[in-house]
Amino acid sequence: MPVQLLPETPSQTAGPYVHIGLALAAAGNPTRPEEIWNQMAKPDAPGERILLIGHVYDGNGHLVRDSFLEFWQADSAGVYDPVFDTEKPFNCFGRTATTFDAGEWTLHTVKPGVVNNAAGVPMAPHINLSLFARGINIHLHTRLYFADEPEANARCPVLNLIEQPQRRETLLAHPCEVEGLRAYRFDIRIQGEGETVFFDF
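Note that residues are indexed from 1 along each chain, following the sequence as it is written. In keeping with the predicted nature of the model, local features appear solely for residues at pLDDT of at least 70, side-chain atom pairs appear and are counted solely at 80 or more, and the whole-chain, interface and lining totals rest on all residues. Each side-chain value is worked out from all heavy atoms of the structure, with water and hydrogens disregarded.

As annotated in an unreviewed UniProt entry, the protein carries the name Protocatechuate 3,4-dioxygenase, alpha subunit and comes from Pseudomonas saponiphila. UniProt positions are given in the numbering used here, feature names are shortened, and annotations may be inferred rather than shown by experiment. Under the heading Sequence similarities (unreviewed entry), UniProt records this for the protein: "Belongs to the intradiol ring-cleavage dioxygenase family."

The next thing to look at is the pairing of strand E2 (residues 68–72). Using a 1.4 Å probe on the protein chains alone, a residue whose accessible area is under 20% of its type maximum counts as buried, one over 50% counts as exposed, and one in between counts as partly exposed. Strands here are runs of E lasting at least two residues and helices are runs of H or I lasting at least four, both read from the DSSP assignment and numbered beginning at the N terminus. With respect to burial, E2 is a largely interior element, four of its five residues being buried. Here E2 pairs with strand E3 (residues 93–97) via five bridges, running antiparallel. Bridged to Phe68 within E3 is Ala97. Here E2 runs beside strand E7 (residues 126–132); their pairing, made up of five bridges, is antiparallel. By the bridge assignment, Phe71 is partnered in E7 with Leu129. Strands pair, by our definition, only if DSSP identifies at least two bridges between them.

On to the UniProt feature "domain: Intradiol ring-cleavage dioxygenases" (unreviewed entry) in the protein. The sites that carry the UniProt feature "domain: Intradiol ring-cleavage dioxygenases" (unreviewed entry) are, in the present numbering, residues 52–80. Annotation note: span residues 52–80, helix share 0%, strand share 38%, distance between end C-alpha atoms 19 Å.

In this section: the side chain of Thr142. Along the chain, Thr142 falls in strand E8 (residues 140–146). You can call Thr142 buried: its relative accessible area is 2%. Polar contacts here mean pairs of N or O atoms no more than 3.5 Å apart (in protein, one a potential hydrogen donor and the other a potential acceptor; neighbouring residues in sequence count only if both atoms are side-chain atoms). Of note is the side chain of Thr142, whose polar atom sits 2.6 Å from the backbone oxygen of Val197. Ignoring sequence-local partners within four residues, the contact set of Thr142 consists of Ile127, Asn128, Leu129, Leu171, Thr196, Val197, Phe198 and Phe199. Contact criterion: two residues are considered in contact whenever any of their non-hydrogen atoms come within 4.5 Å of each other.

Let us now look at the pairing of strand E1 (residues 49–57). Judged by how many residues are buried, E1 sits mostly within the fold: eight of nine residues are covered. When E1 meets strand E4 (residues 104–110), the two strands line up antiparallel, connected through seven bridges. Bridging across to E4, Arg49 finds its partner in Val110. Bridge count between E1 and strand E10 (residues 181–185): three bridges; the pairing is parallel. From the neighbouring strand, Ile53 faces E10, where its bridge partner is Arg185. Here two bridges tie E1 to strand E11 (residues 188–189), and the two strands are oriented parallel to one another. By the bridge assignment for E11, Tyr57 is matched with Arg189.

Next up on the list: the packing of aromatic side chains. We call Phe, Tyr and Trp rings a pair once their centres come within 6.5 Å, taking the six-membered ring for Trp, and we label the pair stacked below 30 degrees between planes, edge-to-face above 60, and tilted otherwise. One pass over the full model with this rule turns up four aromatic pairs. Centre to centre, the rings of Phe146 and Tyr184 are 4.9 Å apart; their planes meet at 75°, and the pair counts as edge-to-face. With Phe146 in strand E8 and Tyr184 in strand E10, this pair connects stretches of sequence that are 38 residues apart. We note that Phe146, like Tyr184, is buried. Either the NZ atom of lysine or the CZ atom of arginine qualifies as a charge over a ring when it sits within 6 Å of the ring centre and within 35 degrees of the ring normal. Lys111 extends its terminal NZ or CZ atom over the ring of Phe146, reaching a point 5.1 Å from the ring centre. Taking NZ or CZ as reference, Arg189 lies 4.4 Å from the ring centre of Tyr57, over its face.

With that settled, the discussion passes to the pattern of salt bridges. Each salt bridge in this description consists of a side-chain nitrogen of Lys or Arg and a carboxyl oxygen of Asp or Glu lying within 4 Å of one another. Under the defined criterion, the tally for this structure stands at ten salt bridges. With its nearest N and O atoms 2.7 Å apart, the salt bridge here joins Arg185 to Glu104. On the criterion of sequence distance, the pair formed by Arg185 in strand E10 and Glu104 in strand E4 is long-range, its members being 81 residues apart. Its salt-bridge partner being Asp148, residue Lys111 comes within 3.1 Å of it at the nearest N-O pair. Here Asp148 lies in the loop between E8 and helix H2 (150–155) and Lys111 lies in the loop between E4 and strand E5 (115–116), a separation of 37 residues in the sequence. A relative accessible area of 10% means that Lys111 is categorised as buried. What emerges from the salt-bridge pattern is a single network uniting Glu48, Lys111, Asp148, Glu149 and Arg182.

Put into structure tokens, the structure is as follows:
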């Protein structure tokens, strides 16, 4: 007798279950004792402690107040650690979400070190980012680079895959100060004027 397989579930855009399951505080639910959230770096983490902040805008320029973001980065020495442990001073993976009121996301981390690509060429310090939001069937991938690293950015083999300089600008986080903290602002535009560059990998 042939095996009858169930059909694939139709794709859906990111809805409330993303927040209910992965962003408990954002959804107004009690958090778990061990949570993967926006505190990638503890106070004793080696490297330069930074705060990342930003908004997410749709194609009409409106704030997307229910987006969900995941981050993956090297530590300050340029090393990726695949093992997540809440006891570590730094974890290479983190999550956050835009707030329903102000529409702003935040992430506490360290500035990443230099990592070489597969060919051994140094890439500029960067953070890999995935965006989940309403209206998006498959999450979007991009990178966040630092505007105060102009020399490294000018040499970066990945950043220079983008031929138009004004498009490269959409991947730069700009220094700012938030309540005395060293911070960078990185706004994401899903569509329209100034659309953020997204990668297909």
